[in-house]
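Understanding the architecture of this molecule
Here's the letter readout for the chains.
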Amino acid sequence: MNIRVLGCSGAIAAGYKTTAFLLDDDVLIDAGTGVGDLPLDALAAIDHILLSHSHLDHVLGIPLLADAVLRLRVAAGRPPIRVHALPQTLDALRQHLFNGIIWPDFTALPTAAAPVLSLHPFQIGDRLDLGGRVIEVLPAVHTVPAVGFAVDAGASAGHAHWVFTGDTGPNPALWRRLADLRLSHLVIETAFSDDEAALAHVSKHLCPHDLGHELAQLSGSVDVRITHIKPGEVEAVMQGVQALSSPHRISTLQAGQDMKL
Ligand SMILES: [Zn+2]
Ligand SMILES: [Zn+2]
């Protein structure tokens, strides 16, 4: 199994793409602007999209992806791309994105009987089996209903898990769940520097100070990658992170990185 980081920034600028991960060739985890760097044939190979929440920086690739691959997938007789998310997230897509105003309803195009997208609700705690790859839906604490994900690397890898927190503020339920999982990587957000702690709190994100409290609840020494930093804030955030006395191995997540599971 391989997870490629297509985007891991909290906003855009040249060289900065928002959140998207590609698991092997066919599973997209969040659909931020990083999706747009994939060639057309790679876009057409995506069969599943897992969404952490409804915010634009995580979903805006879906409408453009659907439009880009529709002809290729129809010509090849491929089934709809299955979009998996909380029911509230799927409702937000229906009401605010695929509403015929912001974008056409690609859950009924090219035909209602054989559309390019289909929507599938999950709940926190569900374990999705996508072609033998098991992905658990984890809790997150954000301004809208939100989740994280744990990808199980399988028996041959001792069931190590790649964990992505999604956008979240302090999240005690996550640490209770992770206490029972073996982790290969923890991808955790730190969207704001400590100077912007007030903004982090009101928008339910983490700053380095809060990250320290969160990581203190994770035992062992884990490979921790920091994600969702705003362009221009990387140095300030990572200074705060490096000042934490943490037993974990902490580095900045980079777009283009491959993480082997
Ligand atoms: Zn968000
Ligand atoms: Zn975000």
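The following refers to the structure shown.

Per the secondary structure count, the protein includes 8 helices and 14 strands. Relative to the globule expectation of 18 Å for 261 residues, the C-alpha radius of gyration of the protein, 18 Å, shows essentially globular dimensions. Dimensions of the protein along its principal axes, counting C-alpha atoms only, are 55 × 40 × 30 Å. Looking at the 261 residues of the protein, the share that counts as buried comes to 52%. When contacts within the protein are restricted to residue pairs at least 6 apart in sequence, long-range pairs at least 24 apart make up 59% of them. With the model as given, the accessible surface of the protein reaches about 10,900 Å², and the carbon-plus-sulfur share is 56%. Across the protein, the centroid of the 17 positively charged side chains sits 6 Å from that of the 27 negatively charged ones.

Within the largest apolar cluster, 29 residues are counted, with the highest numbers of intra-cluster contacts made by Leu28, Ile49, Leu51, Ile62, Val83, Leu93 and Leu117. Elements supplying a minimum of two residues to this core: β2 (20–23), β3 (27–31), α1 (40–44), α3 (61–75), β5 (81–85), α4 (87–96) and β6 (117–121). Broken down by element, the residue count for this core peaks at 5 residues, all from α3. Setting aside its immediate chain neighbours within four residues, Leu117 contacts Ile62, Ala66, Pro80, Ile81, Val83, Phe98, Phe106 and Thr107.

Moving on to the coordination of the zinc ion (ligand 2). Coordination of the zinc ion (ligand 2) by the protein involves Asp57 (OD), His58 (NE2), Asp167 (OD) and His228 (NE2), with metal-donor separations of 2.1 to 2.2 Å. Coordination at the zinc ion (ligand 2) comes from 4 donor atoms whose angles at the metal span 90 to 170 degrees, giving a geometry best classed as irregular. All donors of the zinc ion (ligand 2) belong to a single chain; written as a sequence motif, their spacing is D-H-x108-D-x60-H. The metal-metal distance between the zinc ion (ligand 2) and the zinc ion (ligand 1) comes to 3.5 Å, with Asp167 coordinating both. With His58 in helix α2 (residues 56–59) and Asp167 in the loop between β10 (160–164) and α5 (172–178), this residue pair connects regions lying 109 residues apart in the sequence. Asp167 matches His58 in its accessibility class, with the two residues each being buried.

What the rule picks out here adds up to 12 salt bridges. For the salt bridge of Asp258 with Arg4, the shortest nitrogen-to-oxygen distance reads 2.8 Å. A residue pair is termed long-range when its members are at least 10 positions apart, and Asp258 in strand β14 (residues 258–260) and Arg4 in strand β1 (residues 2–7) qualify at 254 residues. On the accessibility criterion, Asp258 (35% relative accessible area) is partly exposed. Given the relative accessible area of 38%, Arg4 is considered partly exposed. Notably, a salt bridge pairs Arg127 with Glu136, separated by 3.0 Å at the nearest N-O pair.

A few words now on unusual backbone geometry. Among all residues except glycine, the phi angle is most often negative; among peptide bonds, the trans geometry is most common. Across the junction of Leu109 and Pro110, the peptide omega takes the value 0 degrees, indicating a cis bond. Within the secondary structure, Pro110 sits in the loop between α4 and β6. In this model, Asp30 sits at a positive phi of 65 degrees, which is unusual for a non-glycine residue. One can find Asp30 in strand β3. We classify Asp30 as buried; its relative accessible area is 0%. A positive phi angle, near 70 degrees, is found at His228, a position not held by glycine.

The rules behind these values
- Residues numbered from 1 in each chain as written.
- Chains lettered and ligands numbered in written order.
- Predicted model: local features only at pLDDT ≥ 70, side-chain atom pairs only at ≥ 80, totals over all residues.
- Heavy atoms only, no water.
- Helix = DSSP H or I, 4+ residues; strand = E, 2+ residues; numbered from the N terminus.
- Rg over C-alpha atoms; globule rule 2.2 N^0.38 Å.
- Buried < 20%, exposed > 50% of the residue type's maximum accessible area, 1.4 Å probe, protein only.
- Contact = heavy atoms within 4.5 Å.
- Areas by Shrake-Rupley, 256 points an atom, 1.4 Å probe, with all protein chains shown as cover.
- Lys, Arg positive; Asp, Glu negative; His and termini not counted.
- Charge placed at Lys NZ, Arg CZ, Asp CG, Glu CD.
- Core = buried A, V, L, I, M, F, W, Y, C linked by side-chain atoms within 4.5 Å.
- Donors = N, O, S within 2.8 Å, 3.2 Å for Na, K, Ca; no water.
- Tetrahedral: all angles 85-135°; square planar, octahedral: opposite > 155°, others 65-115°.
- Salt bridge = Lys/Arg side-chain N within 4 Å of Asp/Glu carboxyl O.

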